[in-house]
Amino acid sequence: MKQAFDFLYKEPIFNDIINRLGLPQIPKRPQGFATLVLLILEQQVSIDSAKATFNKIKATISSVEPQSLIALTDEEFRSLGVSRQKTAYIKGLAFAVINKEIELETLPHKPAEVVREELIRLKGIGHWTVDIYLMFSLEAPDIMPLGDIAVVNTIKELLDIHTKEEMEQLAKGWAPYRSFATYLLWHHYLQKRNRKISYEL
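Below you will find a few notes about this structure. (Residues numbered from 1 in each chain as written. Predicted model: local features only at pLDDT ≥ 70, side-chain atom pairs only at ≥ 80, totals over all residues. Heavy atoms only, no water.)

1. Notes on the overall build of the protein
Looking only at helices and strands, one finds twelve helices and zero strands in the protein. Counting from the amino terminus, helix and strand elements in the protein follow one another as α-α-α-α-α-α-α-α-α-α-α-α. Computed over the C-alpha atoms, the radius of gyration of the protein is 18 Å, within 12% of the 17 Å expected from 2.2 N^0.38 for a compact globule of 201 residues. Overall, the protein is about 50 × 35 × 30 Å in size when its C-alpha atoms are taken along their principal axes. Within the protein, residue pairs in contact and separated by at least 24 positions form 64% of the contacts whose partners lie at least 6 positions apart. Carbon and sulfur atoms form 50% of the exposed surface of the protein, whose accessible area is close to 10700 Å². The averaged location of the 25 negative side-chain charges in the protein is 4 Å from the averaged location of its 25 positive side-chain charges. (Helix = DSSP H or I, 4+ residues; strand = E, 2+ residues; numbered from the N terminus. Rg over C-alpha atoms; globule rule 2.2 N^0.38 Å. Contact = heavy atoms within 4.5 Å. Areas by Shrake-Rupley, 256 points an atom, 1.4 Å probe, with all protein chains shown as cover. Lys, Arg positive; Asp, Glu negative; His and termini not counted. Charge placed at Lys NZ, Arg CZ, Asp CG, Glu CD.)

Printed below as a string of structure tokens:
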């Protein structure tokens, strides 16, 4: 971790963030099914809103496991605040785990590219969800989630760069520590808005 931040400190944008705000806390989430369910819930809504829905699910079934979730009806999901589309995604993930179409316990032992290939095949899991899972749960060091609005807006704000192509080109210079560059960008974003986020399940 020190090596990553020492490397990034040479970049003026990160030098400024570290000098003003200090080093960020590295977000972590448990590996496995429950985290992926929460990430599906977080798609296109606030983290707080998704967490509230996740807590309602937990209170209903006590353990967020594939068998428990497929036992819930669509109506029960709707009563817990889960949209029809996300219900389908969550149930699809649950069936994929039960049928061993994906074996989540093997992912920590695979390269990030292979993890992405396996997860992206599941309906409802896109690149943002894979990026966050790789970073937070599998501690992949070189992920740049340009599907994340906070990252994109912070790059626009601090560097006046506005296209995804320009951002991808810029971020190549932050390899092999693009995840840590992302943590610094989030650090700026959250501190500027005086926000704190808990990632506990």
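2. Here we look at the nonpolar core
Most often, soluble globular proteins keep nonpolar side chains buried together rather than apart. Among the nonpolar cores identified, the biggest contains 67 residues, and Phe14, Val37, Leu69 and Leu119 are the most heavily contacted of them. Contacts of valine 37, omitting those with residues within four sequence positions, involve Phe54, Val64, Leu69, Ile90 and Leu93. (Core = buried A, V, L, I, M, F, W, Y, C linked by side-chain atoms within 4.5 Å. Buried < 20%, exposed > 50% of the residue type's maximum accessible area, 1.4 Å probe, protein only.)

3. A closer look at unusual backbone geometry
Following alanine 175, the chain continues to proline 176 via a peptide bond in cis, the omega torsion being 5°. Look at glutamine 44: it is not a glycine, yet its phi comes out positive at around 65°. Inspection of the secondary structure assignment puts glutamine 44 in the loop between helix H3 (33-42) and helix H4 (47-61). Residues other than glycine seldom take positive phi values, yet glutamate 139 does so here, at roughly 55°.

4. Quick notes on the pattern of salt bridges
Overall, the coordinates contain eight salt bridges when judged by the stated rule. Linking glutamate 42 and arginine 29 is a salt bridge whose minimum nitrogen-to-oxygen distance equals 3.0 Å. Of the two residues, glutamate 42 sits in helix H3 while arginine 29 sits in the loop between helix H2 (12-21) and H3, which places them 13 residues apart along the sequence. Residue glutamate 42 shares its accessibility class with arginine 29, and that shared class is buried. (Salt bridge = Lys/Arg side-chain N within 4 Å of Asp/Glu carboxyl O.)

5. Topic: H3
The buried fraction of H3 is high, at ten of ten residues. Of the residues making up H3, those classed as buried are Phe33, Ala34, Thr35, Leu36, Val37, Leu38, Leu39, Ile40, Leu41 and Glu42. Looking one or two residues past H3, glutamine 44 carries a phi angle of roughly 65°, positive in sign.

6. What to know about the packing of helix H8 (residues 112-120) against helix H9 (residues 127-137)
Running from N to C, H8 and H9 point in directions that differ by 135°, and their axes come no closer than 10 Å. In terms of orientation, H8 lies oblique with respect to H9. Our pair here, H8 against H9, has a crossing hand that is right-handed. Contacts between H8 and H9 pair Ala112, Val115, Arg116, Leu119 and Ile120 from the former with His127, Val130, Asp131, Tyr133 and Leu134 from the latter. Of the residues that constitute the contact of H8 with H9, the class distribution is seven nonpolar, one polar and two charged. (Axes fitted to C-alpha atoms, helices over the stretch in contact; angles between N-to-C directions. Parallel < 35°, antiparallel > 145°, perpendicular 65-115°, else oblique. Left-handed = near helix turned anticlockwise from the far one by under 90°. Nonpolar A, V, L, I, M, F, W, Y, C, P; charged D, E, K, R; others polar.)

7. Some words on the packing of aromatic side chains
The description of an aromatic ring pair uses the distance of the two centres, along with the angle that the planes make with each other. Applying the stated rule across the entire model yields seven aromatic pairs. On the basis of an interplanar angle of 90° and a centroid distance of 5.5 Å, the ring pair of phenylalanine 5 and phenylalanine 180 is categorised as edge-to-face. Taken together, the residues span a long stretch of sequence, with phenylalanine 5 in helix H1 (residues 2-8) and phenylalanine 180 in helix H12 (residues 178-192) at a distance of 175 residues. For the pair phenylalanine 5 and phenylalanine 180, one class covers both residues: buried. Taking 5.6 Å as the distance between ring centres and 80° as the angle between the ring planes, the aromatic pair formed by phenylalanine 136 and tryptophan 186 counts as edge-to-face. Taken together, the residues span a long stretch of sequence, with phenylalanine 136 in helix H9 and tryptophan 186 in helix H12 at a distance of 50 residues. Taken individually, phenylalanine 136 and tryptophan 186 each receive the classification buried, so the pair is uniform in this respect. Across from the ring centre of tyrosine 189, 3.7 Å away, lies the NZ or CZ of arginine 193, which sits over that ring. (Phe/Tyr/Trp six-rings, centres within 6.5 Å; stacked < 30°, edge-to-face > 60°. Lys NZ or Arg CZ within 6 Å of the ring centre and 35° of its normal.)

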